[in-house]
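# Observations on the three-dimensional arrangement
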Amino acid sequence: MNHLTNAPTAEQPAILGGNPAVTLDQEAANRWPVLTTDDERAVIQILRDGDISTHPVIRQLEQDYREFSGLPYALAHCNGTSALMAAFWAIGLQPGDEVLVPSATFWASVLPLVWLGAVPVFCESEPERLGLDPVDMEKRITTRTKAIVVVHLWGMPSKMTEIKALAQKHHLKIIEDASHAQGASWRGQACGTLGDIAVFSLQGGKLAPAGEGGILLCKDRDYWERAVCFGDITRIIELETPARRFAATSFGIKTRIAPVSAAIARTQLARLAENNQLRNSNLQYLSAGLEALGIHTFLPPSHVERVYFEYLVRPDFASIGLSKQSFIKALQAEGCLAALPRYPLLHQQPFFTEGAFMAVTRPQGGQTPDYSSVSLPVTEAANDSMMKLPSFPWASRELLDQYLTAFEKVIRHADKIAQHLDEKR
(Lines give C-alpha, C1' and ligand atoms only; values in the text may rest on other atoms or scores of the structure.)
Protein backbone atom coordinates (compact mmCIF):
# COMPACT_ATOMS: atom_id res chain seq x y z
CA MET A 1 0.00 0.00 0.00
CA ASN A 2 1.32 3.43 -0.91
CA HIS A 3 0.61 5.66 2.06
CA LEU A 4 1.84 8.70 0.15
CA THR A 5 -0.67 8.45 -2.72
CA ASN A 6 -2.54 11.56 -1.63
CA ALA A 7 0.55 13.41 -0.41
CA PRO A 8 2.69 15.81 -2.44
CA THR A 9 5.92 14.41 -3.87
CA ALA A 10 9.08 14.95 -1.90
CA GLU A 11 10.52 18.42 -2.36
CA GLN A 12 13.11 20.66 -0.77
CA PRO A 13 13.08 20.21 3.05
CA ALA A 14 11.77 23.13 5.05
CA ILE A 15 15.01 23.37 7.02
CA LEU A 16 16.72 24.12 3.67
CA GLY A 17 14.16 26.72 2.65
CA GLY A 18 11.35 24.56 1.24
CA ASN A 19 7.71 24.63 2.23
CA PRO A 20 6.73 22.72 5.41
CA ALA A 21 4.98 19.43 4.71
CA VAL A 22 2.58 19.70 7.64
CA THR A 23 0.10 22.50 7.05
CA LEU A 24 -3.09 21.21 8.66
CA ASP A 25 -4.16 22.29 12.15
CA GLN A 26 -2.91 19.80 14.74
CA GLU A 27 -4.57 21.13 17.86
CA ALA A 28 -7.89 19.42 17.24
CA ALA A 29 -6.19 16.23 16.01
CA ASN A 30 -4.30 15.91 19.31
CA ARG A 31 -6.75 17.34 21.80
CA TRP A 32 -6.90 15.15 24.88
CA PRO A 33 -8.82 14.48 26.97
CA VAL A 34 -12.07 15.25 25.21
CA LEU A 35 -14.84 16.06 27.68
CA THR A 36 -18.39 15.88 26.35
CA THR A 37 -21.89 16.64 27.56
CA ASP A 38 -21.89 13.16 29.13
CA ASP A 39 -19.03 14.23 31.40
CA GLU A 40 -20.74 17.53 32.15
CA ARG A 41 -23.99 15.83 33.12
CA ALA A 42 -22.16 13.35 35.33
CA VAL A 43 -20.34 16.11 37.20
CA ILE A 44 -23.43 18.31 37.53
CA GLN A 45 -25.31 15.39 39.03
CA ILE A 46 -22.69 15.11 41.78
CA LEU A 47 -22.98 18.84 42.49
CA ARG A 48 -26.77 18.68 42.60
CA ASP A 49 -26.68 15.72 44.94
CA GLY A 50 -24.38 17.70 47.22
CA ASP A 51 -22.33 14.72 48.39
CA ILE A 52 -18.91 15.73 47.13
CA SER A 53 -16.84 13.42 49.35
CA THR A 54 -18.47 9.98 49.63
CA HIS A 55 -21.01 9.88 46.80
CA PRO A 56 -22.18 6.41 45.63
CA VAL A 57 -20.55 7.14 42.25
CA ILE A 58 -17.30 5.88 43.79
CA ARG A 59 -18.78 2.41 44.35
CA GLN A 60 -20.31 2.55 40.86
CA LEU A 61 -16.91 3.27 39.36
CA GLU A 62 -15.44 0.30 41.20
CA GLN A 63 -18.23 -1.89 39.85
CA ASP A 64 -17.47 -0.61 36.34
CA TYR A 65 -13.86 -1.69 36.72
CA ARG A 66 -14.82 -5.07 38.12
CA GLU A 67 -16.90 -5.63 35.01
CA PHE A 68 -14.20 -4.18 32.75
CA SER A 69 -11.49 -6.44 34.18
CA GLY A 70 -13.45 -9.48 35.25
CA LEU A 71 -11.69 -9.32 38.63
CA PRO A 72 -13.67 -9.53 41.88
CA TYR A 73 -12.06 -6.62 43.75
CA ALA A 74 -11.56 -2.99 42.80
CA LEU A 75 -10.70 -0.01 44.96
CA ALA A 76 -10.71 3.58 43.73
CA HIS A 77 -7.91 5.93 44.80
CA CYS A 78 -7.19 9.64 44.59
CA ASN A 79 -4.43 8.94 42.06
CA GLY A 80 -2.40 6.10 40.59
CA THR A 81 0.53 6.85 42.87
CA SER A 82 -1.52 6.20 46.02
CA ALA A 83 -2.96 3.05 44.41
CA LEU A 84 0.57 1.78 43.78
CA MET A 85 1.61 2.52 47.35
CA ALA A 86 -1.47 0.66 48.59
CA ALA A 87 -0.52 -2.26 46.33
CA PHE A 88 3.00 -2.42 47.75
CA TRP A 89 1.54 -2.27 51.26
CA ALA A 90 -1.02 -4.95 50.41
CA ILE A 91 1.56 -7.56 49.41
CA GLY A 92 3.33 -7.01 52.72
CA LEU A 93 6.63 -5.46 51.68
CA GLN A 94 8.95 -5.03 54.64
CA PRO A 95 11.99 -2.78 55.13
CA GLY A 96 14.91 -4.25 53.22
CA ASP A 97 12.78 -6.30 50.82
CA GLU A 98 13.96 -5.97 47.23
CA VAL A 99 11.69 -5.32 44.25
CA LEU A 100 12.72 -5.71 40.61
CA VAL A 101 11.73 -2.55 38.75
CA PRO A 102 12.30 -0.85 35.39
CA SER A 103 14.16 2.42 35.07
CA ALA A 104 12.27 3.42 31.91
CA THR A 105 8.99 4.43 33.51
CA PHE A 106 7.26 7.26 35.35
CA TRP A 107 8.60 7.67 38.89
CA ALA A 108 5.34 6.56 40.54
CA SER A 109 5.96 2.97 39.39
CA VAL A 110 8.89 2.82 41.81
CA LEU A 111 9.13 5.56 44.45
CA PRO A 112 6.10 4.61 46.60
CA LEU A 113 7.75 1.33 47.58
CA VAL A 114 10.76 3.28 48.88
CA TRP A 115 8.56 4.91 51.53
CA LEU A 116 7.76 1.45 52.89
CA GLY A 117 11.49 0.82 53.33
CA ALA A 118 11.67 -1.57 50.37
CA VAL A 119 14.60 -1.42 47.95
CA PRO A 120 14.15 -0.89 44.20
CA VAL A 121 16.48 -3.03 42.09
CA PHE A 122 16.71 -1.53 38.63
CA CYS A 123 16.70 -3.98 35.73
CA GLU A 124 17.33 -3.66 32.01
CA SER A 125 14.48 -3.14 29.58
CA GLU A 126 14.37 -5.40 26.55
CA PRO A 127 14.47 -3.49 23.23
CA GLU A 128 11.56 -5.19 21.45
CA ARG A 129 8.70 -4.01 23.69
CA LEU A 130 10.55 -1.82 26.22
CA GLY A 131 9.33 -3.89 29.18
CA LEU A 132 11.50 -5.57 31.80
CA ASP A 133 14.11 -7.97 30.38
CA PRO A 134 13.46 -11.37 32.00
CA VAL A 135 17.04 -12.54 31.45
CA ASP A 136 18.50 -9.53 33.23
CA MET A 137 15.86 -9.75 35.96
CA GLU A 138 16.85 -13.28 36.93
CA LYS A 139 20.48 -12.23 37.35
CA ARG A 140 19.42 -9.68 39.97
CA ILE A 141 17.27 -11.94 42.15
CA THR A 142 18.54 -12.52 45.68
CA THR A 143 17.12 -14.08 48.84
CA ARG A 144 15.67 -10.65 49.64
CA THR A 145 13.74 -10.28 46.35
CA LYS A 146 10.00 -10.30 46.99
CA ALA A 147 8.24 -8.74 44.02
CA ILE A 148 8.34 -7.43 40.44
CA VAL A 149 6.86 -4.21 39.09
CA VAL A 150 5.72 -4.76 35.50
CA VAL A 151 5.06 -1.64 33.42
CA HIS A 152 3.41 -1.94 30.00
CA LEU A 153 5.28 1.08 28.69
CA TRP A 154 3.40 3.37 26.27
CA GLY A 155 0.64 0.74 25.95
CA MET A 156 2.73 -2.26 24.83
CA PRO A 157 2.23 -5.37 27.00
CA SER A 158 5.46 -6.73 28.47
CA LYS A 159 6.89 -10.23 27.93
CA MET A 160 4.54 -11.82 30.42
CA THR A 161 5.21 -15.48 29.54
CA GLU A 162 8.78 -15.17 30.78
CA ILE A 163 8.00 -12.76 33.61
CA LYS A 164 5.19 -14.92 35.02
CA ALA A 165 7.40 -18.01 34.81
CA LEU A 166 10.16 -16.17 36.66
CA ALA A 167 7.74 -15.01 39.35
CA GLN A 168 6.44 -18.54 39.85
CA LYS A 169 9.93 -20.04 39.97
CA HIS A 170 11.17 -17.60 42.61
CA HIS A 171 7.87 -17.08 44.47
CA LEU A 172 7.65 -13.38 43.61
CA LYS A 173 4.56 -11.18 43.58
CA ILE A 174 3.75 -9.18 40.45
CA ILE A 175 2.52 -5.61 40.76
CA GLU A 176 1.22 -4.65 37.32
CA ASP A 177 1.37 -0.93 36.56
CA ALA A 178 -1.06 -0.94 33.64
CA SER A 179 -1.53 2.82 33.65
CA HIS A 180 -0.52 3.14 29.98
CA ALA A 181 -2.39 0.06 28.85
CA GLN A 182 -6.12 0.44 29.44
CA GLY A 183 -7.67 -1.76 26.77
CA ALA A 184 -4.49 -3.63 25.80
CA SER A 185 -4.28 -7.42 26.06
CA TRP A 186 -1.75 -10.26 26.08
CA ARG A 187 -2.76 -13.70 24.77
CA GLY A 188 -6.40 -12.70 25.09
CA GLN A 189 -6.02 -11.56 28.71
CA ALA A 190 -6.55 -7.90 29.52
CA CYS A 191 -3.69 -5.87 30.90
CA GLY A 192 -4.64 -5.24 34.51
CA THR A 193 -5.38 -8.93 35.09
CA LEU A 194 -1.89 -10.38 34.60
CA GLY A 195 -0.37 -10.05 38.09
CA ASP A 196 -1.24 -10.31 41.76
CA ILE A 197 -2.35 -6.67 41.95
CA ALA A 198 -2.83 -4.19 39.13
CA VAL A 199 -3.10 -0.44 39.12
CA PHE A 200 -4.52 1.95 36.54
CA SER A 201 -3.80 5.65 36.73
CA LEU A 202 -6.73 7.87 35.72
CA GLN A 203 -4.66 11.06 35.38
CA GLY A 204 -5.82 13.51 32.72
CA GLY A 205 -3.54 12.26 29.95
CA LYS A 206 -4.45 8.59 30.32
CA LEU A 207 -6.70 6.65 27.95
CA ALA A 208 -9.66 6.69 30.37
CA PRO A 209 -8.93 9.80 32.43
CA ALA A 210 -10.60 11.23 35.51
CA GLY A 211 -8.44 14.32 35.97
CA GLU A 212 -6.88 12.61 38.96
CA GLY A 213 -7.60 9.10 40.15
CA GLY A 214 -6.42 5.53 40.35
CA ILE A 215 -7.89 2.03 40.45
CA LEU A 216 -6.43 -0.97 42.29
CA LEU A 217 -7.57 -4.39 41.01
CA CYS A 218 -6.95 -7.85 42.44
CA LYS A 219 -8.31 -11.38 42.82
CA ASP A 220 -7.36 -11.79 46.48
CA ARG A 221 -9.68 -10.35 49.12
CA ASP A 222 -6.86 -10.10 51.63
CA TYR A 223 -4.97 -7.76 49.32
CA TRP A 224 -8.08 -5.67 48.79
CA GLU A 225 -8.72 -5.51 52.55
CA ARG A 226 -5.16 -4.42 53.27
CA ALA A 227 -5.47 -1.71 50.61
CA VAL A 228 -8.71 -0.55 52.24
CA CYS A 229 -7.03 -0.39 55.66
CA PHE A 230 -4.09 1.49 54.20
CA GLY A 231 -6.12 4.55 53.38
CA ASP A 232 -9.85 4.28 52.63
CA ILE A 233 -11.12 5.77 55.86
CA THR A 234 -14.81 5.33 55.01
CA ARG A 235 -14.53 1.70 53.94
CA ILE A 236 -12.66 0.22 56.89
CA ILE A 237 -15.65 0.42 59.22
CA GLU A 238 -17.61 -1.80 56.83
CA LEU A 239 -15.15 -4.67 57.11
CA GLU A 240 -16.38 -7.79 58.91
CA THR A 241 -12.92 -8.95 59.95
CA PRO A 242 -10.67 -7.88 62.84
CA ALA A 243 -9.16 -5.29 60.50
CA ARG A 244 -12.19 -3.16 61.28
CA ARG A 245 -10.40 -2.06 64.44
CA PHE A 246 -8.31 0.34 62.33
CA ALA A 247 -11.37 2.36 61.27
CA ALA A 248 -10.52 5.32 63.48
CA THR A 249 -7.04 5.83 62.03
CA SER A 250 -6.44 3.73 58.91
CA PHE A 251 -2.64 3.57 58.58
CA GLY A 252 -2.22 7.29 58.50
CA ILE A 253 -2.85 7.70 54.77
CA LYS A 254 -5.98 8.93 52.99
CA THR A 255 -6.42 7.59 49.47
CA ARG A 256 -10.11 8.04 48.63
CA ILE A 257 -11.03 9.37 45.19
CA ALA A 258 -13.18 12.51 44.88
CA PRO A 259 -16.69 11.87 43.52
CA VAL A 260 -16.32 14.47 40.76
CA SER A 261 -13.27 12.59 39.47
CA ALA A 262 -15.10 9.28 39.81
CA ALA A 263 -18.00 10.62 37.76
CA ILE A 264 -15.68 11.64 34.93
CA ALA A 265 -13.86 8.30 35.18
CA ARG A 266 -17.12 6.42 34.59
CA THR A 267 -18.06 8.30 31.43
CA GLN A 268 -14.52 8.11 30.05
CA LEU A 269 -14.28 4.37 30.70
CA ALA A 270 -17.55 3.91 28.80
CA ARG A 271 -15.90 5.49 25.74
CA LEU A 272 -12.52 3.78 26.12
CA ALA A 273 -13.00 1.07 23.50
CA GLU A 274 -14.30 3.51 20.89
CA ASN A 275 -11.53 6.03 21.53
CA ASN A 276 -8.82 3.34 21.53
CA GLN A 277 -10.07 1.95 18.23
CA LEU A 278 -9.81 5.32 16.53
CA ARG A 279 -6.39 6.13 17.98
CA ASN A 280 -5.12 2.65 17.10
CA SER A 281 -6.43 2.95 13.55
CA ASN A 282 -4.61 6.25 13.07
CA LEU A 283 -1.33 5.02 14.50
CA GLN A 284 -1.45 1.68 12.69
CA TYR A 285 -1.81 3.64 9.45
CA LEU A 286 1.04 5.97 10.35
CA SER A 287 3.18 3.04 11.52
CA ALA A 288 2.75 1.21 8.23
CA GLY A 289 3.97 4.27 6.34
CA LEU A 290 6.89 4.87 8.69
CA GLU A 291 7.94 1.22 8.62
CA ALA A 292 8.06 1.45 4.81
CA LEU A 293 10.53 4.32 5.28
CA GLY A 294 12.69 2.22 7.63
CA ILE A 295 11.41 3.69 10.92
CA HIS A 296 10.85 1.11 13.67
CA THR A 297 7.45 1.72 15.29
CA PHE A 298 7.15 -1.09 17.86
CA LEU A 299 4.51 -3.10 16.05
CA PRO A 300 3.11 -5.72 18.45
CA PRO A 301 3.56 -9.48 17.99
CA SER A 302 0.49 -11.46 16.91
CA HIS A 303 -0.49 -12.50 20.45
CA VAL A 304 -0.48 -8.90 21.72
CA GLU A 305 -3.04 -6.15 21.26
CA ARG A 306 -1.37 -2.88 22.15
CA VAL A 307 -2.80 0.59 22.72
CA TYR A 308 -1.11 3.97 22.47
CA PHE A 309 -0.85 6.09 25.57
CA GLU A 310 2.02 7.74 23.73
CA TYR A 311 3.66 7.06 20.38
CA LEU A 312 7.41 6.38 20.37
CA VAL A 313 9.37 5.41 17.28
CA ARG A 314 12.97 4.33 16.71
CA PRO A 315 14.66 5.70 13.58
CA ASP A 316 18.02 4.28 12.52
CA PHE A 317 19.79 7.61 12.78
CA ALA A 318 23.11 6.19 11.61
CA SER A 319 21.60 4.78 8.42
CA ILE A 320 19.64 7.97 7.80
CA GLY A 321 22.80 10.02 8.22
CA LEU A 322 21.54 12.47 10.83
CA SER A 323 21.94 12.71 14.57
CA LYS A 324 18.78 12.39 16.63
CA GLN A 325 18.84 16.10 17.42
CA SER A 326 19.27 17.06 13.76
CA PHE A 327 16.58 14.64 12.60
CA ILE A 328 14.09 16.03 15.13
CA LYS A 329 15.06 19.59 14.24
CA ALA A 330 14.44 18.92 10.54
CA LEU A 331 11.07 17.30 11.26
CA GLN A 332 10.08 20.23 13.46
CA ALA A 333 10.90 22.58 10.57
CA GLU A 334 8.42 20.54 8.50
CA GLY A 335 5.75 21.24 11.12
CA CYS A 336 5.92 17.87 12.89
CA LEU A 337 5.40 17.75 16.64
CA ALA A 338 8.52 15.64 17.13
CA ALA A 339 10.30 15.52 20.49
CA LEU A 340 12.54 13.53 22.81
CA PRO A 341 11.00 10.80 25.00
CA ARG A 342 9.20 12.24 28.03
CA TYR A 343 10.54 10.11 30.88
CA PRO A 344 14.13 10.46 32.15
CA LEU A 345 15.59 7.15 33.31
CA LEU A 346 15.01 6.75 37.04
CA HIS A 347 18.33 5.17 37.97
CA GLN A 348 20.04 8.36 36.78
CA GLN A 349 17.92 10.73 38.89
CA PRO A 350 19.24 12.60 41.97
CA PHE A 351 16.70 10.96 44.27
CA PHE A 352 18.70 7.76 43.80
CA THR A 353 22.18 8.88 42.78
CA GLU A 354 22.71 11.44 45.55
CA GLY A 355 21.66 9.09 48.32
CA ALA A 356 20.62 11.65 50.92
CA PHE A 357 16.97 11.51 49.92
CA MET A 358 16.90 7.72 50.04
CA ALA A 359 18.23 7.85 53.59
CA VAL A 360 15.00 9.30 54.96
CA THR A 361 13.21 6.03 54.23
CA ARG A 362 15.72 3.72 55.91
CA PRO A 363 14.79 2.09 59.23
CA GLN A 364 17.14 2.95 62.08
CA GLY A 365 20.41 1.19 61.48
CA GLY A 366 19.37 0.16 57.99
CA GLN A 367 21.78 0.49 55.10
CA THR A 368 21.03 3.04 52.38
CA PRO A 369 21.41 1.46 48.92
CA ASP A 370 24.10 2.95 46.70
CA TYR A 371 22.78 3.70 43.21
CA SER A 372 25.65 5.91 42.10
CA SER A 373 27.28 3.15 40.06
CA VAL A 374 24.13 1.56 38.57
CA SER A 375 24.52 1.12 34.83
CA LEU A 376 21.87 -0.16 32.44
CA PRO A 377 23.56 0.10 29.04
CA VAL A 378 20.78 -1.58 27.05
CA THR A 379 18.09 0.62 28.58
CA GLU A 380 20.21 3.73 28.16
CA ALA A 381 20.92 2.94 24.50
CA ALA A 382 17.25 2.20 23.81
CA ASN A 383 16.16 5.44 25.43
CA ASP A 384 18.71 7.38 23.40
CA SER A 385 17.49 5.78 20.16
CA MET A 386 13.86 6.87 20.38
CA MET A 387 11.81 9.94 19.58
CA LYS A 388 8.24 10.88 20.33
CA LEU A 389 5.41 11.80 17.95
CA PRO A 390 1.81 12.76 18.75
CA SER A 391 -0.63 9.94 19.46
CA PHE A 392 -3.21 11.44 17.05
CA PRO A 393 -6.52 10.49 18.71
CA TRP A 394 -8.52 12.48 16.13
CA ALA A 395 -6.20 12.91 13.13
CA SER A 396 -7.40 12.87 9.54
CA ARG A 397 -5.66 10.67 6.98
CA GLU A 398 -4.56 13.85 5.23
CA LEU A 399 -2.66 15.01 8.33
CA LEU A 400 -1.03 11.60 8.74
CA ASP A 401 0.01 11.66 5.07
CA GLN A 402 1.58 15.06 5.65
CA TYR A 403 3.66 13.55 8.46
CA LEU A 404 4.77 10.75 6.15
CA THR A 405 5.73 13.29 3.52
CA ALA A 406 7.76 15.19 6.12
CA PHE A 407 9.67 12.03 7.08
CA GLU A 408 10.27 11.16 3.43
CA LYS A 409 11.60 14.63 2.68
CA VAL A 410 13.99 14.64 5.61
CA ILE A 411 15.25 11.12 4.95
CA ARG A 412 15.68 11.72 1.21
CA HIS A 413 17.68 14.89 1.75
CA ALA A 414 19.50 13.81 4.92
CA ASP A 415 22.96 14.37 3.42
CA LYS A 416 22.14 17.95 2.44
CA ILE A 417 20.55 18.63 5.83
CA ALA A 418 23.61 17.25 7.64
CA GLN A 419 25.92 19.39 5.53
CA HIS A 420 23.75 22.48 6.13
CA LEU A 421 23.67 21.97 9.90
CA ASP A 422 27.42 21.34 9.99
CA GLU A 423 28.00 24.56 8.10
CA LYS A 424 25.78 26.47 10.57
CA ARG A 425 27.86 25.17 13.45
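Our focus in this paragraph is the overall build of the protein chain. The secondary structure content of the protein chain amounts to 16 helices and twelve strands. The C-alpha atoms of the protein chain give 23 Å as radius of gyration, which agrees with the globular expectation for 425 residues (22 Å, within 12%). Each of the three principal axes of the protein chain carries a C-alpha extent, and together these read 75 × 55 × 40 Å. Counting contacts in the protein chain only where the partners sit at least 6 residues apart, residues at least 24 apart contribute 70% of the total. Accessible surface computed for the protein chain: about 18100 Å², of which carbon and sulfur atoms make up 52%. Across the protein chain, the centroid of the 40 positively charged side chains sits 3 Å from that of the 46 negatively charged ones.

Among the seven residues of strand β4 (residues 145-151), six are classified as buried, and the element is accordingly described as predominantly covered. As judged from the three bridges shared by strand β2 (residues 98-102) and β4, these two strands associate in the parallel manner. The partner of Glu98 across the bridge, within β4, is Thr145. Note that the unit made of β4, helix α6 (residues 160-170) and strand β5 (residues 173-177) has a crossover that is right-handed.

Bringing the sheet that holds strand β10 (residues 304-305) into the picture now. Backbone-to-backbone hydrogen bonds pair the strands of a sheet. The strands run either parallel or antiparallel. As summarised here, the arrangement of the three strands in space is β7-β6-β10, forming an open sheet in which the pairing is antiparallel. The open sheet has two edge strands, β7 (189-190) and β10, and neither has a second partner. Inspection of the sheet shows strand β6 (residues 185-186) paired to β7 by two bridges, in the antiparallel sense. Among the inter-strand pairings, Ser185 is bridged to a residue of β7, identified as Ala190.

Before going further, it helps to spend a moment on the nonpolar core. Within the largest apolar cluster, 100 residues are counted, with the highest numbers of intra-cluster contacts made by Tyr65, Leu113, Ile148, Ile197 and Phe352. At seven residues, helix α3 (residues 80-90) tops the list of elements feeding residues into this core. Among all residues touching Ile148, those that are not within four sequence positions of it are Val99, Leu100, Leu132, Met137, Ile163, Ala167, Leu172, Lys173, Ile174 and Ile175. Counting residues in each nonpolar core, the second largest holds 36 residues, with Leu322, Tyr403, Val410 and Ala418 among its members.

Sheet architecture is open: seven strands sit in the order β1-β9-β8-β5-β4-β2-β3, paired in mixed fashion. In this open sheet, the two strands that pair with only one neighbour each are β1 (73-77) and β3 (119-123). Across the sheet, the mean angle separating the axes of adjacent strands is 20° when strand polarity is ignored. As judged from the three bridges shared by β5 and strand β8 (residues 197-201), these two strands associate in the parallel manner. Along β8, the bridge assignment pairs Glu176 with Ala198. Packed onto the sheet, helix α2 (residues 57-69) meets β1, β8 and β9 (214-218) and runs at close to 135° relative to β1.

Once that is clear, we can look at the packing of aromatic side chains. The full count for this structure, using the stated rule, is 19 aromatic pairs. On the basis of an interplanar angle of 65° and a centroid distance of 5.8 Å, the ring pair of Tyr308 and Tyr311 is categorised as edge-to-face. Residue classification places Tyr308 among the buried residues on the basis of a relative accessible area of 2%. On the accessibility criterion, Tyr311 (1% relative accessible area) is buried.

Cut-offs and rules
Residues numbered from 1 in each chain as written. Predicted model: local features only at pLDDT ≥ 70, side-chain atom pairs only at ≥ 80, totals over all residues. Heavy atoms only, no water. Helix = DSSP H or I, 4+ residues; strand = E, 2+ residues; numbered from the N terminus. Rg over C-alpha atoms; globule rule 2.2 N^0.38 Å. Contact = heavy atoms within 4.5 Å. Areas by Shrake-Rupley, 256 points an atom, 1.4 Å probe, with all protein chains shown as cover. Lys, Arg positive; Asp, Glu negative; His and termini not counted. Charge placed at Lys NZ, Arg CZ, Asp CG, Glu CD. Buried < 20%, exposed > 50% of the residue type's maximum accessible area, 1.4 Å probe, protein only. Pairing = 2+ DSSP bridges. Right-handed = clockwise from strand over helix to strand, strands pointing away. Core = buried A, V, L, I, M, F, W, Y, C linked by side-chain atoms within 4.5 Å. Axes fitted to C-alpha atoms, helices over the stretch in contact; angles between N-to-C directions. Phe/Tyr/Trp six-rings, centres within 6.5 Å; stacked < 30°, edge-to-face > 60°.

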